Amino acid sequence: MPDPISHPGPDAPKIPEKTVALVRCDTYERDDVFSAVKRAIDLCGGIGAFVTPGTTVLVKPNLLQGLTPDRCVTTHPEVLHAVIRLLREHGCRVIIADSPAAGIPYTAANLKRAYTGAGYDTVAGELGAELNTDTGFTLVPAPDGVVARQLPIINPALSADAIVVVSKLKTHMWTCMSGGTKNLFGLIPGLEKLSLHARFPTEDAFGQMLLDINTLVRPRLQVMDAVFGMEGNGPTAGHPRKIGVILASADYCALDATAARLIGINPMEVCTIAAAAERGLYAADGTGIRLVGDDFQQCTVPDYRKPASYQGGRRGMKPSVPLAFMQAVGRLYVPRPEIDASRCKGCRKCERGCPAGAITMAGNVPQIDRQKCIRCFCCHEMCTDAAIRLRRSRTGRLIAWLMRAEGA
Ligand code: SF4
Ligand code: SF4
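The shown structure was predicted, so the numbers you read here are calculated from the model rather than taken from an experiment.

Asker: Now, about the overall build of the protein: what can you tell me, with residues and values included?
Answerer: Counting its secondary structure elements, the protein contains 15 helices and 15 strands. Scored against the burial criterion, the 408 residues of the protein give a buried share of 50%. Relative to all contacts within the protein whose residues are 6 or more apart in sequence, the contacts with residues 24 or more apart total 76%.

Now the structure itself:
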């Protein structure tokens, strides 16, 4: 049985807060990435401000389904390499751990396959880091949780002295953007993610639950791989897009808000950031974040393609309009998953991963029950054959057109 969560302990080094470092990095060449990652962390106080020699650090990348680095679904192995090298040179024991996407059983065989696919086995071998294959988890009380009072957390995250998140900057159909905060959903073991999707079916509730995970495990340091991100319908079916930046921060919300602004997304439309604003952890006008490093404006990518679910800054309800009406409009507006039978390989991953039980197979082709579908887009995330597209209804397209027409 692992220890209850105890990090950061009373002797933990002081962590500078709300500073976000932004460092240009145009390639995944090893020396370039190492220099950028080191500079970004140094700008936040140096690796010694976050971890102590001799301690065990869990490094949490975006592993998802272990797709190859060129797909830009996973954290690039060179970014992982740079972070782990700094930790190892600082005298830390490093364990790489994640749980693949919702619907994929959390087994040692699936983990090993994903590590190999993402190139993490090579990184671990070169630097003497460990790849977690312990698939145990523990239901942990979350006394500070706002919506979740207990959470199932994978064991290596509970026994580590510190967690360092090494995320990939991607768009996301459900949470709008996937960065440091969303990354820790990977501490929820495989199929347990489905029950959390079912328990927190709205975007707002889901964002609050993600904050509860972060509040519970308190990651020490965030490094974000935004050399190439994913644009469009992420986190799996979008397209790679160069941003050319490494970010670092002690603060997951400040990091995500800065990353969102870099790619032209209104931070308040990212459900985790909106949830943080509700809790007083983020100022809606973006004040309170200290940017250091390279020039922010020169790093922005204003024409970054948003997910089809993006509402152009119009997230949330107008107080003057009855809530139920707005929610009904919202349901019409949000895209629906549709199966492209010509691409479908009949692998059933989507059926197994649907938290609402809305997918059944008719022969080898999935069918979606629209009444049951809660539009979590897990199926879209899981389908690596791009056989699930997201499309608005005719009314939803009309609403989207009206919103654009109104200058959103
Ligand atoms: S839609 Fe995708 S995930 Fe579902 S069965 Fe077809 S190929 Fe597999
Ligand atoms: S069918 Fe609907 S509820 Fe099921 S995984 Fe897809 S989006 Fe989520």
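So much for the structure itself; the text now carries on.
Asker: Describe the pairing of strand 1 (residues 19-24), listing the residues and the values that go with them.
Answerer: By the criterion of burial, strand 1 is predominantly enclosed, with five of the six residues buried. Sheet topology places strand 1 next to strand 11 (residues 290-293); four bridges connect them, and they run parallel. Of the residues in strand 11, the one forming a bridge with Val20 is Leu291. One ladder, built from five bridges, connects strand 1 with strand 10 (residues 239-249); its direction is antiparallel. Paired with Ala21 across the strands is Ala248, a residue of strand 10.

Asker: I'd like a rundown of the packing of helix 9 (residues 252-262) against helix 10 (residues 271-278), residues and numbers included.
Answerer: At their nearest, the axes of helix 9 and helix 10 sit 10 Å apart, and the two run at 130° to each other. As far as their axial angle goes, helix 10 and helix 9 are oblique. The two elements helix 9 and helix 10 cross, and the hand of that crossing is left-handed. Where helix 9 approaches helix 10, its residues Cys253, Asp256, Ala257 and Ala260 are matched on the opposing element by Thr272, Ile273 and Ala276.

Asker: Account for the site of ligand 1, naming residues and giving values.
Answerer: Near ligand 1 there are 14 residues, and of these Cys344, Cys347, Cys350, Cys383 and Ala387 occur at the shortest range. Residues belonging to the shell around ligand 1 are distributed by class as follows: nine nonpolar, one polar and four charged.

Asker: Run through the site of ligand 2, naming residues and quoting values.
Answerer: If you check the shell around ligand 2, you find 13 residues, and the closest are Cys354, Ala356, Cys373, Cys376 and Cys379. When its residues are assigned to classes, the shell around ligand 2 shows twelve nonpolar, no polar and one charged.

Asker: Describe the confidence of the model for the protein, with residues and values.
Answerer: On average, residues of the protein score 87 in pLDDT, and 88% of them are at 70 or above. Here residues 316-324 is modelled with pLDDT under 50, and outside its nearest four sequence neighbours on either side it reaches four contacts, counting other chains as well.

Asker: Please set out the nonpolar core residue by residue, giving values where relevant.
Answerer: Grouped together as the largest cluster of nonpolar side chains are 123 residues, with contacts concentrated most on Ala40, Val83, Val223, Val245, Ile246 and Leu247. No other element matches helix 9, which puts eight residues into this core. Viewed by domain, this core spans two of them, domain 1 (19-299) and domain 2 (323-405), each represented by three or more residues. Setting aside anything within four residues of it in sequence, one finds Leu247 in contact with Val20, Ala21, Leu22, Ala40, Met224, Ala226, Leu255, Thr258 and Ala259.

Asker: So what about unusual backbone geometry? Which residues, and what values?
Answerer: Of note, the bond from Gly234 into Pro235 is cis; its omega dihedral lies within 30 degrees of zero at 15°. In this structure, Pro235 sits in the loop between strand 9 (221-231) and strand 10. The backbone phi angle of Cys72 is positive, close to 60°, even though this residue is not glycine.

Asker: Tell me about the environment of Ile188, residues and numbers included.
Answerer: In this fold, Ile188 is placed in the loop between helix 6 (180-183) and helix 7 (192-199). Residue classification places Ile188 among the buried positions, given that 25 C-beta atoms sit within 10 Å. Considered as a pair, Ile188 and Asn155 are 33 residues apart in the sequence and their alpha carbons are 9.9 Å apart. If near-sequence neighbours (up to four positions away) are discounted, Ile188 is found in contact with Ser99, Pro152, Lys193 and Leu196.

Asker: Run through helix 4 (residues 120-127), naming residues and quoting values.
Answerer: Three or more residues of helix 4 are buried, namely Tyr120, Val123 and Ala124. Along the axis of helix 4, the buried residues cluster in a sector spanning 95°; they form a single face. Looking at the buried side of helix 4, the elements it contacts are helix 2 (77-89), strand 3 (93-96), helix 3 (108-118) and strand 4 (130-131). One or two residues past the end of helix 4 sits Gly128, with phi positive at roughly 70°.

Asker: So what's going on with helix 3? Residues and values would help.
Answerer: All of the buried residues along helix 3 are Leu111, Ala114, Tyr115 and Ala118. Down the axis of helix 3, the buried side of the element spans an arc of 100°, and every buried residue falls inside it. Here the buried face of helix 3 lies against helix 2, helix 4 and strand 4. Directly after helix 3, the chain includes Gly119, whose backbone phi takes a positive value near 85°.

Asker: I'd like a description of the packing of helix 1 (residues 30-43) against helix 2, backed by residues and values.
Answerer: For the pair helix 1 and helix 2, interaxial distance at closest approach is 9 Å and the crossing angle is 55°. Comparing their axes, helix 2 and helix 1 come out oblique. The handedness of the crossing between helix 1 and helix 2 is right-handed. Packed against helix 1, whose contacting residues are Arg30, Val33, Phe34, Val37, Lys38 and Ile41, the element helix 2 presents Glu78, Val79, His81, Ala82, Val83, Arg85 and Leu86 at the interface. Taken together, the residues of the contact of helix 1 with helix 2 sort by class into eight nonpolar, one polar and four charged.

Asker: Describe the environment of Phe206, with residues and values.
Answerer: Topologically, Phe206 is positioned in helix 8 (residues 203-217). In contact with Phe206, not counting residues within four places along its chain, are Thr175, Phe200 and Cys271.

Asker: Can you explain the environment of Gly288? Please cite residues and give values.
Answerer: Summarising the element assignment, Gly288 is placed in the loop between helix 10 and strand 11. Beyond its immediate chain neighbours, meaning those up to four positions away, Gly288 contacts Lys18 and Ala283.

How each quantity is defined
- Residues numbered from 1 in each chain as written.
- Chains lettered and ligands numbered in written order.
- Predicted model: local features only at pLDDT ≥ 70, side-chain atom pairs only at ≥ 80, totals over all residues.
- Helix = DSSP H or I, 4+ residues; strand = E, 2+ residues; numbered from the N terminus.
- Buried ≥ 20, exposed ≤ 12 C-beta atoms within 10 Å, placed from the backbone.
- Contact = placed C-beta atoms within 7 Å.
- Pairing = 2+ DSSP bridges.
- Axes fitted to C-alpha atoms, helices over the stretch in contact; angles between N-to-C directions.
- Parallel < 35°, antiparallel > 145°, perpendicular 65-115°, else oblique.
- Left-handed = near helix turned anticlockwise from the far one by under 90°.
- Near = placed C-beta within 6 Å.
- Nonpolar A, V, L, I, M, F, W, Y, C, P; charged D, E, K, R; others polar.
- pLDDT = per-residue confidence, 0-100.
- Core = buried A, V, L, I, M, F, W, Y, C linked by C-beta atoms within 7 Å.
- Domains from an automatic or database assignment.
- Arc of directions from axis to C-beta.

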